[in-house]
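Structural overview
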Amino acid sequence: PGSLKNIIDWTSRQDITALKHKTALLLCATTGSRGGIVGLDHLRSPLACLQLHVFNRAFPLSQCQNAFTQNRLAVEKQQNQLQSIVTDFVTFTNKLTNTIP
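The present account deals with the structure reproduced in this document. (Residues numbered from 1 in each chain as written. Predicted model: local features only at pLDDT ≥ 70, side-chain atom pairs only at ≥ 80, totals over all residues. Heavy atoms only, no water.)

Turning our attention to the overall build of the protein. A tally of helices and strands in the protein yields 3 helices and 4 strands. Helices (α) and strands (β) of the protein occur, in sequence order from the N terminus, as α-β-α-β-β-β-α. Expressed as lengths along the three principal axes of its C-alpha atoms, the size of the protein is roughly 40 × 30 × 20 Å. Evaluated residue by residue, the protein yields a buried proportion of 23% over its 101 residues. Put simply, of all contacts in the protein between residues at least 6 apart along the chain, 66% involve residues at least 24 apart. When the accessible area of the protein is evaluated, it comes to approximately 7100 Å², of which 55% is carbon and sulfur surface. Of the charged side chains in the protein, 10 are positive and 5 negative; the average position of the first set lies 1 Å away from that of the second. (Helix = DSSP H or I, 4+ residues; strand = E, 2+ residues; numbered from the N terminus. Buried < 20%, exposed > 50% of the residue type's maximum accessible area, 1.4 Å probe, protein only. Contact = heavy atoms within 4.5 Å. Areas by Shrake-Rupley, 256 points an atom, 1.4 Å probe, with all protein chains shown as cover. Lys, Arg positive; Asp, Glu negative; His and termini not counted. Charge placed at Lys NZ, Arg CZ, Asp CG, Glu CD.)

Structure follows, in structure tokens:
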């Protein structure tokens, strides 16, 4: 979305290294059938150009208007998938934090 692009542009305009060595986990929830995966794939390039470490897995959630019950993902498979991705992302971030000066 344009608002996200604007945030990236303004952040990098102030200091091109402001996001350098930060980690990013790509998540998207849409009402469509593909969960925004194409948009997430397109987002990787500008983030990589700004020297962010983009986690190699993403979580696209399709049909989000039907995906939640009582503030939780209704489908257990999706809950487990999201939990696994977030856990792996935290591990990824911790490892990078310990190796980057």
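With a phi close to 50 degrees, Gln 70 is a non-glycine residue in the positive phi region. Residue placement: Gln 70 occurs in the loop between β3 (68-69) and β4 (72-73). Positioned with a positive phi, Asn 71 is a non-glycine residue whose angle comes to about 65 degrees. As for its position among the elements, Asn 71 is in the loop between β3 and β4.

When the terminal C-alpha atoms of helix α3 (residues 76-99) are compared, their 35 Å separation across 24 residues agrees well with the 34 Å that a helix rising 1.5 Å per residue should span. Contacts from the buried residues of α3 go to β1 (23-29), β2 (53-61) and β4. (Expected span 1.5 Å × (residues − 1).)

A complete count under the given rule lists 3 salt bridges for this structure. Where Lys 5 meets Asp 9, a salt bridge forms, and the shortest distance between an N and an O atom there is 2.8 Å. Here Asp 9 and Lys 5 lie together in helix α1 (residues 2-14), a separation of 4 residues that amounts to about one turn. (Salt bridge = Lys/Arg side-chain N within 4 Å of Asp/Glu carboxyl O.)

One ladder, built from 6 bridges, connects β1 with β2; its direction is parallel. Across the sheet, Thr 23 pairs through a bridge with His 53, a residue of β2. Read as a crossover between parallel neighbours, the route from β1 over helix α2 (residues 37-49) to β2 is right-handed. (Pairing = 2+ DSSP bridges. Right-handed = clockwise from strand over helix to strand, strands pointing away.)

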